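If you want the building blocks of each chain, they are given just below.
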Amino acid sequence: VSTQSTWGAKSALARSGGELAGILWHQGESDCEATLEQAYVAAYGERLAAVIEGFRRELGAGTPVVIGKVAKWAREYTNAEGWSATPSYIATVNGCMDAVAKRLPAVAVVETDDLSAMPDKIHYSAAGCEEMGRRYAAAFTRLLDTAATAPEKRSAPEDEESAKRGCVT
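Each value, and the rule that gives it
Residues numbered from 1 in each chain as written. Predicted model: local features only at pLDDT ≥ 70, side-chain atom pairs only at ≥ 80, totals over all residues. Heavy atoms only, no water. Helix = DSSP H or I, 4+ residues; strand = E, 2+ residues; numbered from the N terminus. Buried < 20%, exposed > 50% of the residue type's maximum accessible area, 1.4 Å probe, protein only. Contact = heavy atoms within 4.5 Å. Areas by Shrake-Rupley, 256 points an atom, 1.4 Å probe, with all protein chains shown as cover. Core = buried A, V, L, I, M, F, W, Y, C linked by side-chain atoms within 4.5 Å. Phe/Tyr/Trp six-rings, centres within 6.5 Å; stacked < 30°, edge-to-face > 60°. Lys NZ or Arg CZ within 6 Å of the ring centre and 35° of its normal. Polar contact = N/O pair within 3.5 Å; in protein donor to acceptor, adjacent residues only side chain to side chain. Expected span 1.5 Å × (residues − 1). Arc of directions from axis to C-beta. Axes fitted to C-alpha atoms, helices over the stretch in contact; angles between N-to-C directions. Parallel < 35°, antiparallel > 145°, perpendicular 65-115°, else oblique. Left-handed = near helix turned anticlockwise from the far one by under 90°. Nonpolar A, V, L, I, M, F, W, Y, C, P; charged D, E, K, R; others polar.

Student: Break down the overall build of the protein for me, with residues and values.
Tutor: Within the protein one finds six helices and three strands. Going residue by residue from the N terminus, the α and β elements of the protein occur as α-β-α-α-β-α-β-α-α. Considering the protein as a whole, with its 169 residues, one finds that 38% of them fall into the buried category. Within the protein, contacts between residues at least 6 apart in sequence are counted, and of these 77% link residues at least 24 apart. Surface accessibility of the protein: about 9200 Å² in total, with carbon and sulfur atoms responsible for 57%.

Structure below.
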């Protein structure tokens, strides 16, 4: 099943009984995997922007999106197959998330480095999830509060911080 067909079915189901008011995006750990090519990781921002633009084609141009960053402690995780995240890739993916939020309107980023992890160092603890939920809600509320007054963001040259992290947007 493709991501697009799954998204279409889920969004239609959500809208059939209510209103889909925004997107909470928490993904990126698999894009920090040590065996990936740097160019692929650096293009995370392009892929994320395309996903957000796809969501907005279906839901509306101003649909708010809140992105949760990859926690730095994810670098301590290695699974049985040898999967592990690379610290520089975590920084790149997180930098790409920041760059996308600067470029696209109605996008906010939530920090996660200080949230507590489960012992596996890939999942958040219950307390970490609760705090992440509070942060998502606060960011989403800020986006809704500023939606009518915020100027639209435009594509611009990469900002200096994103360029340092190797992100292409």
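Student: Can you break down the nonpolar core residue by residue, with the values?
Tutor: Ranked by size, the top nonpolar core spans 24 residues in total, and within it Leu 48, Ile 52 and Ile 67 carry the most contacts. Secondary-structure elements contributing two or more residues to this core are strand E1 (23–25), helix H3 (44–59), strand E2 (65–68) and helix H4 (87–103). No other element matches H4, which puts seven residues into this core. Residues contacting Ile 52, with those up to four places away along its chain left out, are Val 65, Ile 67, Val 100, Leu 104 and Val 107. The next biggest cluster of nonpolar side chains, apart from the first, holds 12 residues, and it includes Val 66, Val 110, Tyr 124 and Tyr 136.

Student: Go over the packing of aromatic side chains, please, and point to the residues and values.
Tutor: Scanning the entire structure with this criterion turns up two aromatic pairs. Their ring planes at 70 degrees and their centres at 4.9 Å tell us that Trp 73 and Tyr 124 sit as a pair that is edge-to-face. Taken together, the residues span a long stretch of sequence, with Trp 73 in the loop between E2 and H4 and Tyr 124 in the loop between strand E3 (107–110) and helix H5 (126–146) at a distance of 51 residues. Judged on exposure class, the residue Trp 73 and its partner Tyr 124 are both buried. Cation over ring: Arg 47 sits above Tyr 40, and NZ or CZ is 3.8 Å from the ring centre.

Student: Would you mind going over the side chain of Lys 69 in detail, with residue names and values included?
Tutor: Within the fold, Lys 69 resides in the loop between E2 and H4. Here Asp 98 takes part through its side chain, which lies 2.9 Å from a polar atom of the side chain of Lys 69. Of the polar contacts made by the side chain of Lys 69, one reaches the side chain of Glu 111; its length is 2.9 Å.

Student: Any details on H5? Residues and values, ideally.
Tutor: Its 21 residues give H5 an end-to-end C-alpha distance of 30 Å, which sits within 8% of 30 Å, the value for a rise of 1.5 Å per residue. Restricting attention to buried positions, one finds in H5 the residues Gly 128, Met 132, Tyr 136, Ala 139, Phe 140 and Leu 143. Down the axis of H5, the sector holding all buried residues measures 100 degrees, keeping them to one side. Opposite the buried face of H5, by more than 90 degrees, sit the exposed residues Ala 126, Arg 142 and Asp 145. Where H5 is buried, its residues meet E1, E2 and E3.

Student: Tell me about the packing of H3 against H4, residues and numbers included.
Tutor: Across the interface, H3 lies against H4 with an axial gap of 8 Å and an inter-helix angle of 45 degrees. In terms of their interaxial angle, H3 and H4 are classed as oblique. Crossing handedness for the pair H3 and H4: right-handed. Taken together, the residues of H4 that come into contact with H3 (itself represented by Tyr 44, Gly 45, Leu 48, Ala 49, Ile 52 and Glu 53) are Val 93, Cys 96, Met 97, Val 100 and Arg 103. In terms of residue class, the contact of H3 with H4 is made up of eight nonpolar, one polar and two charged.

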